Amino acid sequence: MPTGIRPVTDARQRQMAHPQVQAWWQALDCGFAPVADVFEECLDEALSSFSKAQMEAYIEAARFIGKLGRGPEPLLAFLEEWPAVAAAASGDQEPLLPQVMGAIRAMQKSPNSTAITPFLQTLAAVARRLQSAEQIELYIDIALNLMARTSGSIHGHHDTFPSPGLPAFFEQAPRLVGLLSTAGLRNWTEFGVRNYASHPQRQVEYFSLKSADSHAVLQRERRGTLFADVERSLDLYLRALWRDSDLIVPYSTAFDELRKPVPYYDKLGMRVPDVFDDVAGTGSISNVSGLDRYRAVLAHMIGHRRWSTAQIADNWSPFQRMAVEFFEDCRVDTLLIREYPGLRRIFLALHPHPRQDACDPETTSCLRHRLAMLSRALLDPGHGYTDAVLLDFVRRFHEHLSAGESGTADIAALALAYVTRTRRPSDQLANIHFDDTVIDYRDDNRHLWKFIEEGDEEQAFDAERKLEPSEEPRGLPPRRYPEWDDASQTYRPDWVSVYEALHASGTAADIDRLLQKHAALAKHLKRLLDLLKPQDKVRIRYQEEGSDLDLDVAINSLIDFRSGVAPDPRINMSHRTDGRDICVLLLLDLSESLNEKVAGTGNVDGQTVLELSQEAVSLLAWAIDCLGDPFAIAGFHSNTRHEVRYQHIKGFSERWDDTVKARLAAMRAGWSTRMGAALRHAGHYLAARRADKKILLLLTDGEPADVDVTEPNHLRADARKAVEELSAQGVDTFCLSLDPKADEYVRGIFGKRHLVLDRVAQLPEKLPLLYMALTR
């Protein structure tokens, strides 16, 4: 007998006095004492809703579960939960029970038998949310698919390792089905299976809702009206109806279990939930869509911004502040309804209607209940309440507003009078009545209060932190980009983290030596560049540094100097052209393969690909500087999706000088090539430039790859998608590949906008010529 399982005694069996109960117990054929302790109660619930045939099926299924050898827990879970499951499925267990038992058999035959208990323990909660046998069957199919695809095998024939994520999935299932449709749940599960099937620990974190990826995909798949889908409509709504253009910022409501966040506004914007479900109407009140719920929230905040003034709260108790907030909310809603009467229907549909006798003042704090009733009565002429005090304050409230808008201070005085008149000793009780008291379209009223004396909380969180004199600022936070998943034809949200920094510096003289090495080529390029230069130049005078001496200013400065007056140092001038509006960003692949020696007879010095790239980029930068085109240079490499390094070598506003040359001289190669994220980040900067033609020129020696990606086509598809995104933003992407085998994949990524250089030793010559061809 297993440890901790005591046998069922004859005394326990005699307690089952009813013959029918004894008959069902005999049919169950169970020896677990914990089951015997609750069997009669479980049977009572089942008998109240099951027919005889359903009871037989129920006991037979329980008997099978009790013989699995998993102890009493699965059997207890089934006996206790199954009547609730059947009730949630409209009382029809015939099509559902075989599905559930089939799932249990499949888990028992596989290494996943330990998942049977959490499956049964959460099944009732899942069923109550899904509300139909068909939806529950879909949920079971999703779970079995997860089990089949994440169970491990040594030889590839039979599963020998259990699914790491299946128990965690069952534990989170009630919460998941409350947030997602079955289609969304399937997509969320599919993402975890596809990306973490070979990573047990990460798989557990994903299905336990502990990873950022899990949260991000959950947000993407949530049902209801998503803020992202209606953001433009809400912005126009604010501008057109309320003449307000403040920033609307969404926050997540999916991951706060103890205390759900509520709307609010501050100096940074108006904060609203990221999703709103439709609300079913009651009685004569019609349904309220998620979009209308957003409109109600924003209208209420706009009303506060127009008509509310902050009050000093130091000497008011929490109960008094709560009453003031309820009264002021009602004043604002009343003024909003005056301006747009149609808001009354939405406000009343979203406002709870508490029963007058719902709270027992002898055992419960009823302050919130009284205030919620009063709030309903102030907005709803047909509220139906009969309390004399409530009706008196409803009358006084409307008298305050009959002559105009009233004010926050006047309404606060009325609220304090209400608290004084209705105060009860039980209001101090810890047991507070919350049912039908939460009005979710109203904000948290933080704007209503100001404090003369700041507490520790204000000092800790509100004060702006300043750097100490000896403290250096840290690097920029990562910028996160999505990544295209070609298998599911969807984006993986916030999948790649890009860290950007200024490239380290070396010796600028090294670049000057490289330019001197190619002096003959530079002379040839200079003749070609002179042909490309537009002739409509405009002088920019009064420059401390420039390409030419401004003779008039120089003579005046000399006269001032000899006269004892401080001369003007701005004696130079430079030129800009009006006929050529091109902006270029040169993106360099700095992966490990650049350290390889260049093969072929042209490489007499035994140079690496990185050294040749330095020569080519130096010549190209010199050539672009001669043309006067604004350009930037950056390099990238990656070490998994969590660390893509993007290094700025030259910015658009920087001159081609020793500072930039020093960074170029310090280029080092390492890691891998996550190309799509680097293209998106470079495009982020290039798309913001104002130019008629924007060119992103990528220099790479291989295909997209990274150490955490096993599917070779995945990063190719993502790079192709990134090129399409940049094209939609008006950025032309061109790839110069140094990989002789690039024809196999580069056309699929860049289309016709690519060139494969078979002889890498010719790169210093070909790269400037390619740029001239692209910009001609």
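Residues numbered from 1 in each chain as written. Predicted model: local features only at pLDDT ≥ 70, side-chain atom pairs only at ≥ 80, totals over all residues. Heavy atoms only, no water.

Quick look at the overall build of the protein now. When you go through the protein residue by residue, the secondary structure sums to 29 helices and 18 strands. Taken across its 776 residues, the protein has 49% of its residues classed as buried. A fraction of 71% describes how many contacts in the protein between residues 6 or more apart in sequence connect residues 24 or more apart. (Helix = DSSP H or I, 4+ residues; strand = E, 2+ residues; numbered from the N terminus. Buried < 20%, exposed > 50% of the residue type's maximum accessible area, 1.4 Å probe, protein only. Contact = heavy atoms within 4.5 Å.)

The mixed open sheet is built from 8 strands, whose spatial order is 8-9-15-14-13-16-17-18. A strand with exactly one partner marks an edge of an open sheet, and here the two such strands are strand 8 (479-485) and strand 18 (754-756). When the angles between neighbouring strand axes are averaged without regard to direction, this sheet yields 25°. Relative to strand 14 (residues 631-638), strand 13 (residues 582-589) runs parallel, the two sharing 6 bridges. Among the inter-strand pairings, Leu 586 is bridged to a residue of strand 14, identified as Ile 633. Set on the sheet, helix 10 (residues 182-196) makes contact with strand 8 and strand 9 (490-502); between it and strand 9 the angle comes to about 55°. Strands strand 13, strand 14 and strand 16 (693-700) of the sheet are contacted by helix 24 (residues 609-627), whose axis makes an angle of about 155° with strand 14. (Pairing = 2+ DSSP bridges. Axes fitted to C-alpha atoms, helices over the stretch in contact; angles between N-to-C directions.)

Moving on, we come to the pattern of salt bridges. Taken as a whole, this structure holds 41 salt bridges when the rule is applied. Note that Asp 246 is salt-bridged to Arg 305, the shortest N-O span being 2.9 Å. Residue Asp 246 is located in the loop between helix 13 (227-242) and strand 2 (248-251), and its partner Arg 305 is located in helix 14 (residues 290-307); the two are separated by 59 residues in the primary sequence. Linking Glu 483 and Arg 674 is a salt bridge whose minimum nitrogen-to-oxygen distance equals 2.8 Å. Of this pair, Glu 483 sits in strand 8 while Arg 674 sits in the loop between helix 25 (658-665) and helix 26 (675-687), and the two are 191 residues apart along the sequence. Overall, Glu 483 belongs to the buried group, its relative accessible area being 0%. In the salt-bridge network here, residues are joined through shared partners; they are Arg 149, Glu 190, Arg 194, Asp 485 and Arg 492. (Salt bridge = Lys/Arg side-chain N within 4 Å of Asp/Glu carboxyl O.)

The full count for this structure, using the stated rule, is 1 disulfide. A disulfide bridge connects Cys 359 with Cys 366, and the sulfur atoms are separated by 1.9 Å. Taking the sign of the torsion about the S-S bond as the criterion, the disulfide between Cys 359 and Cys 366, at about -85°, is left-handed. Classification of Cys 359 as buried rests on a relative accessible area of 10%. Its relative accessible area of 2% is what places Cys 366 among the buried residues. (Disulfide = S-S within 2.5 Å.)

On to the pairing of strand 13. Looking along a regular strand, one sees the side chains alternate between the two faces of the sheet. Of all 8 residues in strand 13, 8 are buried; the element is thus mostly enclosed. Alternating positions in strand 13 separate into two faces, Ile 582, Val 584, Leu 586 and Leu 588 on one and Cys 583, Leu 585, Leu 587 and Asp 589 on the other, with burial throughout. Judged from the 7 bridges that link them, strand 13 and strand 16 form a sheet pairing that is parallel. Its bridge partner being in strand 16, Cys 583 is matched across the sheet by Lys 694.

On to empty space enclosed by the protein, then. Over the atoms, a rolling probe the size of a water molecule traces out where space has been left empty. Within the structure shown, the criterion is met by 2 cavities of 30 Å³ or more. Each pocket or cavity is described by its volume, and for the largest cavity that value is around 50 Å³. Lining the largest cavity are Leu 588, Asp 589, Leu 590, Leu 594, Ser 613, Met 667, Leu 699, Thr 700, Asp 701 and Leu 738. Secondary structure elements with two or more residues in the lining of the largest cavity: strand 13 and strand 16. Here the second largest cavity is characterised by a volume of approximately 30 Å³. Residue lining of the second largest cavity: Ile 142, Asn 145, Arg 149, Arg 186, Thr 189, Glu 190 and Val 193, and that is the complete set. Counting only elements with at least two residues in the lining of the second largest cavity, the list comes to helix 8 (133-150) and helix 10. Ranked by the residues each element gives to the lining of the second largest cavity, the list is headed by helix 10, at 4 residues. (1 Å grid on protein atoms, 1.4 Å probe; cavity = no way out; pocket = protein on both sides within 12 Å on 5 of 7 lines; lining within 4 Å. Points joined across faces, edges and corners; volume = space filled by probe spheres on them.)

On to the packing of aromatic side chains. Under the counting rule described, the total for this entry stands at 24 aromatic pairs. Centre to centre, the rings of Phe 78 and Trp 82 are 5.6 Å apart; their planes meet at 20°, and the pair counts as stacked. Here Phe 78 pairs with Trp 82, and both are found in helix 5 (residues 72-88), just 4 residues apart, close to one helical turn. Trp 82 matches Phe 78 in its accessibility class, with the two residues each being buried. Ring geometry for Phe 347 and Tyr 441: centres 4.7 Å apart, planes at 10°, overall stacked. In this pair, Phe 347 is assigned in helix 16 (residues 343-350) and Tyr 441 in the loop between helix 19 (408-422) and strand 7 (449-450), connecting sequence segments 94 residues apart. (Phe/Tyr/Trp six-rings, centres within 6.5 Å; stacked < 30°, edge-to-face > 60°.)

Our focus in this paragraph is a negative patch on the surface. Together, Glu 544, Glu 545, Asp 657 and Asp 658 make up a negatively charged patch on the protein surface. Structurally, Glu 544 is set in the loop between strand 10 (537-543) and strand 11 (548-549). On the accessibility criterion, Glu 544 (56% relative accessible area) is exposed. (Patch = residues over 30% accessible without salt bridge, like charges linked within 9 Å, V, L, I, M, F, W, Y side chains within 5 Å. Areas by Shrake-Rupley, 256 points an atom, 1.4 Å probe, with all protein chains shown as cover. Lys, Arg positive; Asp, Glu negative; His and termini not counted. Charge placed at Lys NZ, Arg CZ, Asp CG, Glu CD.)

Okay, a nonpolar patch on the surface next. A surface patch of nonpolar side chains, amounting to about 380 Å² of accessible area, comprises Leu 549, Leu 551, Ile 555 and Ile 559. When residues of the nonpolar patch are assigned to their parent elements, the largest contribution, 3 residues, is made by helix 23 (residues 551-562). Note on placement: Leu 551 falls in helix 23. What makes Leu 551 exposed here is its relative accessible area of 53%.

Spanning 22 residues, helix 15 (residues 318-339) covers 32 Å between terminal C-alpha atoms, matching the ideal 32 Å at 1.5 Å per step. Across the 22 residues of helix 15, 17 count as buried, placing the element largely inside the fold. (Expected span 1.5 Å × (residues − 1).)

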